[in-house]
Amino acid sequence: MYVLSRFLRVREKDGLIAIFHELHPDPVYCPVAEWLTFSRDVARPSQLIQPLLDRRLLVQSTTEDDAEFTRVEERLVHKLNQPKILYLMLAQGCNFACKYCPIPALAMRYGETLLSPENARAGLRLWGEHLREAANAHAESYIIFYGGEPLLNKPTFVSALEAIRQLQASGELPSRTIRLMLTTNGTLLDDDIIRQCHEYDVIVSVGLDGFQPVSNRLRMYADGRGTFDETVSSIRRLVSSGIRTFVSASMTPENLPELASFTRFLKDIGVEKFGFNFLKGRALPEFVSELARAVYERDTAAALMRSFREVGETAYEYQLKRKIEAFHSQDFFPIDCTCYGNQLVIQPDGQISNCPFFKAELGQIGDSVGTGFRIAKTPIISEWRKRSPLFHPAFRESDAKALCGPGCAWGAHDLSGDILTPDPAPTAFSKEIFDELIWSEFPSSPK
Ligand code: SF4
Ligand code: SF4
């Protein structure tokens, strides 16, 4: 005798029902009438029974549901414990003063500190300790040179590249699975840096928010000069030098209307991947009033989906790509960033954190190598994981929780003082994608 799982969810469209498990959606489709008949009496013979059993949507008791939740939770924790990204924050300050960026304010508060070569090396050694203990020793991981503007500190960038090679040669860092990335505004690139990026196979990710008028209004020098022309010429230079070049953009109400044509432009000039960020923290109310917030969330999600459909290659944008992959592998994926245990951040003053913007006070890097410090085991990570839609009460009724990340924890804290406050914009985006994916699997009913 079977009962419907408490994780069973349905969505209806054009006379069809998609039936899916909220923890690992893999829809089964049938006409509405068939579903209504079956759901009133699941004991009667139906071709829905086997596909629903296969997906654990029919269970013998609530104990099976409890066991399923525990299995998903354990898999999630396992994934969140896997080290994926080391951020070396080379500089606290920046030569730009972009309208929405918290970096200038953080630089005022903490000083224009630069990461020392010694602290960068110590960070690399601690990262090596994390990777050597990783459950999946063959998984790819990243070292990201970050800022402010990291190229304000070229000496540490160059010495860190050399240190990576030495540590790989001595076996302290893996040789094959580490990828390097420089996140920059592009304006301080010179021949030497380009040569280094070439030699060490560094991917360069450049910030740019749209075409000239919009971009110049958002991304400028402290004296107000726009930065579009210089940035685009740096992107072209990187591409023509054979360096893998990505672009990341912050989504504001100003650049949403041109997102599709901007994405096409980036593809045309040879940009390999495009990524977007939602406005974070106090920048959000500065750009979008409380009243217009829901419209911003909805319009951003819609513009992103429209742009990806028009460009015709969903894998081009990396957040979308990750969500699509998660959906197709029925992988519970309730995170939007890697600050829940996957990443180690070395801030410019040598302090360890789990997030580039958050002062987590986890100690100085110089004192932490060889002590057994592991970012995923720190109390802050246990606290931040409570944001996961798997556990957070705000997501209890959400049928899209398998793909919803909880957004930006730092931004929530910056706005409300509470790390557990939900962040609605990424959630709205995830729900749009989820709806698209649920119906894109049809027709194959019932599977
Ligand atoms: S270039 Fe980047 S770090 Fe610098 S102000 Fe702009 S967004 Fe912030
Ligand atoms: S919490 Fe926010 S700022 Fe920090 S790493 Fe995650 S997305 Fe980035």
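All of these numbers come straight from a predicted model, not from anything done at the bench.

What follows is about the site of ligand 1. Neighbouring residues of ligand 1: Cys-94, Phe-96, Cys-98, Cys-101, Ile-103, Gly-148, Asn-185 and Arg-219. Split by residue class, the shell around ligand 1 holds five nonpolar, two polar and one charged.

This paragraph deals with the pairing of strand 10 (residues 245–251). When you tally the buried positions in strand 10, you get seven out of seven residues, the bulk of the element. Burial of strand 10 is two-sided: the residues Thr-245, Val-247, Ala-249 and Met-251 facing one way and the residues Phe-246, Ser-248 and Ser-250 facing the other way are all buried. In this sheet, strand 10 lies alongside strand 9 (residues 202–207) in parallel orientation, the contact comprising four bridges. Paired with Ser-205 across the strands is Phe-246, a residue of strand 10. Bridge count for strand 10 against strand 11 (residues 273–278) is six bridges, and the pairing is parallel. Paired with Phe-246 across the strands is Lys-273, a residue of strand 11. Considered for its hand, the β-α-β crossover made up of strand 10, helix 10 (residues 259–268) and strand 11 is right-handed.

A few words on the sheet that holds strand 4 (residues 28–31). With antiparallel pairing, three strands are arranged side by side in an open sheet as 2-3-4. Only two strands of the sheet have a single neighbouring strand rather than two, namely strand 2 (8–13) and strand 4. On average, each strand axis in the sheet is tilted by 25 degrees relative to the strand beside it, whichever way the strands run. As paired elements, strand 3 (residues 16–21) and strand 4 share four bridges and run antiparallel to each other. Considered in strand 4, the bridge of Ile-19 is made with Val-28. Of the strands in this sheet, strand 2, strand 3 and strand 4 touch helix 1 (residues 32–40), which is tilted by about 100 degrees from strand 4.

What follows is about the pattern of salt bridges. All told, the structure shown has 23 salt bridges when counted by the stated rule. Among the salt bridges present, the one from Glu-22 reaches Arg-9, with a minimum N-O distance of 2.8 Å. Here Glu-22 is found in the loop between strand 3 and strand 4, whereas its partner Arg-9 is found in strand 2, with 13 residues between them in sequence. We classify Glu-22 as buried; its relative accessible area is 5%.

Let's shift gears to the site of ligand 2. Surrounding ligand 2, one finds Lys-280, Cys-337, Cys-339, Gln-343, Cys-355, Pro-356, Phe-357, Trp-384, Cys-408, Ala-409 and Trp-410. Class assignment of the residues belonging to the shell around ligand 2 gives a composition of nine nonpolar, one polar and one charged.

Each value, and the rule that gives it
The numbers attached to residues start from 1 for each chain and follow its sequence in the written order. Naming scheme: in the order in which they are written, chains are lettered from A and ligands are numbered from 1. The predicted origin of the model limits local features to residues at a pLDDT of at least 70 and limits the giving and counting of side-chain atom pairs to 80 or more, whereas totals for whole chains, interfaces and linings rest on all residues. To obtain the side-chain values, all non-hydrogen atoms of the structure were used and water was disregarded. Working definition: residue near molecule or strand if any one of its non-hydrogen atoms lies within 4 Å of it. Classes in brief: Ala, Val, Leu, Ile, Met, Phe, Trp, Tyr, Cys and Pro nonpolar; Asp, Glu, Lys and Arg charged; the others, Gly included, polar. Partly exposed describes any residue whose relative accessible area lies between the buried limit of under 20% and the exposed limit of over 50%, with all areas from a 1.4 Å probe on protein chains only and scaled to the type maximum. Helix and strand assignments come from DSSP, with helices taken as H or I runs of at least 4 residues and strands as E runs of at least 2, each series counted from the N terminus. Note on pairing: DSSP must find at least two bridges between two strands before they are called paired. Call a crossover right-handed when, viewed with both strands pointing away from you, the route from the first strand across the helix to the second goes clockwise. All axes here are fitted lines through C-alpha atoms, helices being fitted over the stretch that makes contact, and every angle between N-to-C directions spans 0 to 180 degrees. We call two residues in contact when some of their heavy atoms are within 4.5 Å. Criterion for a salt bridge: a side-chain nitrogen of Lys or Arg within 4 Å of a carboxyl oxygen of Asp or Glu.

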